[in-house]
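Spelled out from the first residue to the last, the chains are:
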Amino acid sequence: MFTYDLGDGASLRILEMWHAPELLTFVQENRAYLGEWLGWANEMQTEGDAQHFIKRGITRFYEDGLPWVGIWLNDQMVGGVLFFPIDHHIRATEVGYWLGQQAAGRGLMTRSLRAMLRYPFDLFHLNRVGLQADVRNVRSHTVAERLGFTFEGIRRQVWEHNGQMVDMASYSLLADEWRAQAHS
Ligand SMILES: CC(C)(COP(=O)(O)OP(=O)(O)OC[C@H]1O[C@@H](n2cnc3c(N)ncnc32)[C@H](O)[C@@H]1OP(=O)(O)O)[C@@H](O)C(=O)NCCC(=O)NCCS
């Protein structure tokens, strides 16, 4: 089990196949909260679906080196962070993230992302991390802005969610900007 200690009882762990039952339970308990913004949370109905999700993360980790992690608080899974495939031509990736409702509002995602952004920037020397959030997902925008991401604009009807085309707010953080921030 690969664990990164965030302090205060919180940790990041690389998602492994044996986490599938816990991931499914977490999604079932938070489906309404997550599903408002994340299609995969609505689609994950069985342990096989959870295994499939984790397998995608393991495959990406194998191919790209950027891990998909779960966030645990007091030994309970409460969220996660994932990366999209690296575009090697422009040395860029995108990040995605989620928290259960009970774990929100305490800065856990901000701390998790600060730790996870070391992968693309410090270990893989990528130049850009992008982030896309539904224009209505204000909490997600706030996370991006708190981490120093720049709002780039709105991509109109670029995402299909729950049968509707939605506009996405586009954010990015560049390597120079990451380095200019103080990281303990
Ligand atoms: C997006 C999401 C992760 C944001 O969660 P969040 O709890 O607002 O984000 P954080 O964990 O960084 O916590 C920030 C909150 O904790 C508070 N906080 C407390 N201690 C803090 C600390 N040490 N550092 C930063 N914030 C702290 C902040 O004031 C803020 O609360 P506020 O918005 O009421 O002012 C969450 O809403 C979520 O997962 N939603 C469903 C899935 C989703 O939308 N995913 C993103 C798709 S793009």
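Predicted, not measured: the structure shown is a model, and the values here were computed from it.

Engineer: How would you explain empty space enclosed by the protein if you had to name every residue and give the values?
Structural biologist: In the structure shown here, the tally under the stated rule is 1 cavity of 30 Å³ or more. Lining the largest cavity are I14, L15, I54, G57, I58, F61, P67 and W68. A total of 4 residues in the lining of the largest cavity trace back to one element, the largest contributor, which is helix α4 (residues 47–64). Of the residues contributing to the lining of the largest cavity, the split by class is 7 nonpolar, 1 polar and no charged.

Engineer: Just give me the short version of the pairing of strand β5 (residues 92–99), but keep the residues and values in it.
Structural biologist: Regular strands place side chains that alternate from one sheet face to the opposite one. With 7 of 8 residues buried, β5 lies mostly within the body of the structure. With 5 bridges connecting them, strand β4 (residues 76–83) and β5 associate as antiparallel partners. In the strand pairing of β5, G79 is matched with L99. Here β5 pairs with strand β6 (residues 128–134) via 3 bridges, running parallel. Bridge pairing in β6 links A92 to R128.

Engineer: So what's going on with the site of the ligand? Which residues, and what values?
Structural biologist: Not every one of the 20 residues close to the ligand is listed here, only the nearest: L99, G105, M109, T110 and N137. Taking N137, its side chain carries an N or O atom lying 2.7 Å from an oxygen atom of the ligand. In isolation the ligand offers 940 Å² of accessible surface; the protein chains occlude 72% of this area. When atoms are counted within 2 Å of each cavity's grid points, the one that captures over half of the ligand is the largest pocket. Those elements that place two or more of their residues in the shell around the ligand are β5, α5 (108–116), β6 and α7 (138–146). Sort the elements by how many residues they give to the shell around the ligand and α7 lands first, with 4 residues. Each residue belonging to the shell around the ligand can be placed in one class, and the counts come to 11 nonpolar, 6 polar and 3 charged.

Engineer: A description of the sheet that holds strand β3 (residues 69–73) should follow, citing residues and the corresponding values.
Structural biologist: The strands making up a sheet associate through hydrogen bonds between their backbones, and the pairing can be parallel or antiparallel. Pairing is mixed in the open sheet, where 8 strands are placed in the order β1-β2-β3-β4-β5-β6-β8-β7. Both outer strands of the open sheet, β1 (3–7) and β7 (150–161), are each paired with one neighbouring strand and no more. The average angle at which neighbouring strand axes cross in this sheet is 30°, direction not considered. In this structure, β7 lies alongside strand β8 (residues 164–174), joined through 8 bridges in antiparallel fashion. Looking at the pairing, T150 lines up with S172 of β8.

So, how was this worked out
- Residues numbered from 1 in each chain as written.
- Predicted model: local features only at pLDDT ≥ 70, side-chain atom pairs only at ≥ 80, totals over all residues.
- Heavy atoms only, no water.
- 1 Å grid on protein atoms, 1.4 Å probe; cavity = no way out; pocket = protein on both sides within 12 Å on 5 of 7 lines; lining within 4 Å.
- Points joined across faces, edges and corners; volume = space filled by probe spheres on them.
- Helix = DSSP H or I, 4+ residues; strand = E, 2+ residues; numbered from the N terminus.
- Nonpolar A, V, L, I, M, F, W, Y, C, P; charged D, E, K, R; others polar.
- Buried < 20%, exposed > 50% of the residue type's maximum accessible area, 1.4 Å probe, protein only.
- Pairing = 2+ DSSP bridges.
- Near = heavy atom within 4 Å.
- Polar contact = N/O pair within 3.5 Å; in protein donor to acceptor, adjacent residues only side chain to side chain.
- Areas by Shrake-Rupley, 256 points an atom, 1.4 Å probe, with all protein chains shown as cover.
- Sits in = over half its atoms within 2 Å of the grid points.
- Axes fitted to C-alpha atoms, helices over the stretch in contact; angles between N-to-C directions.

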